[in-house]
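Listed below, chain by chain, are the residues.
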Amino acid sequence: VDGRSAEGHCWRYDRIEDALSQAGGRLDSGEALELLAQVAQGSTQWSIVYDQQSGDVQVAMGQQYGEAHTLHLPLNPGP
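Residues numbered from 1 in each chain as written. Predicted model: local features only at pLDDT ≥ 70, side-chain atom pairs only at ≥ 80, totals over all residues. Heavy atoms only, no water.

Next up on the list: helix α1 (residues 11-22). An ideal rise of 1.5 Å per residue puts 16 Å on 12 residues; α1 measures up with 16 Å between its terminal C-alpha atoms. G24 lies just past α1 and shows a positive phi near 70°. (Helix = DSSP H or I, 4+ residues; strand = E, 2+ residues; numbered from the N terminus. Expected span 1.5 Å × (residues − 1).)

Next up, the structure:
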């Protein structure tokens, strides 16, 4: 199995998988929001990107990807 949806039934997942594969699995928040904009559906109400290193969160509401809100979640350093 190559990670694609069964017989290409979901073009959205296939597009995301292709983009992540080409980028070596890493996108910055702007690139990730752009990718989410490309696969948004008419019913998409919000899209979110998490930076697991910094704790920054980008939230785009109502498909307004150029006006994403930035939040910061404090990270727990662990034991």
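Looking now at unusual backbone geometry. Leaving glycine out, the prevailing phi sign among residues is negative, and the prevailing peptide bond configuration is trans. If you check the backbone angles, Q63 has positive phi at about 60° while not being a glycine. Inspection of the secondary structure assignment puts Q63 in the loop between β2 (56-61) and β3 (69-72).

The strand order β1-β2-β3 describes an open sheet built from three strands, whose pairing is antiparallel. In this open sheet, the two strands that pair with only one neighbour each are β1 (46-50) and β3. Each strand of the sheet is rotated relative to its neighbour by a mean of 20°, with strand direction disregarded. The pairing of β2 with β3 spans four bridges and is classified as antiparallel. The residue of β3 that forms the bridge with Q58 is T70. (Pairing = 2+ DSSP bridges. Axes fitted to C-alpha atoms, helices over the stretch in contact; angles between N-to-C directions.)

Side-chain alternation along β1 places S47 and V49 on a buried face and W46, I48 and Y50 on a face that remains uncovered. In this structure, β1 lies alongside β2, joined through five bridges in antiparallel fashion. Residue pairing for β2: I48 is matched across the bridge by V59. (Buried < 20%, exposed > 50% of the residue type's maximum accessible area, 1.4 Å probe, protein only.)

Now for the layout of surface pockets. Approximately 530 Å³ is the volume attributed to the largest pocket. Taken together, 19 residues line the largest pocket, and the ones lying closest to its centre are L27, A32, V49, Y50 and D51. When contributions to the lining of the largest pocket are tallied by element, the ones reaching two or more residues are α1, α2 (29-39), β1 and β2. Take the lining of the largest pocket: its biggest share by element is four residues, from α2. Tallied by class, residues from the lining of the largest pocket come to nine nonpolar, six polar and four charged. (1 Å grid on protein atoms, 1.4 Å probe; cavity = no way out; pocket = protein on both sides within 12 Å on 5 of 7 lines; lining within 4 Å. Points joined across faces, edges and corners; volume = space filled by probe spheres on them. Nonpolar A, V, L, I, M, F, W, Y, C, P; charged D, E, K, R; others polar.)

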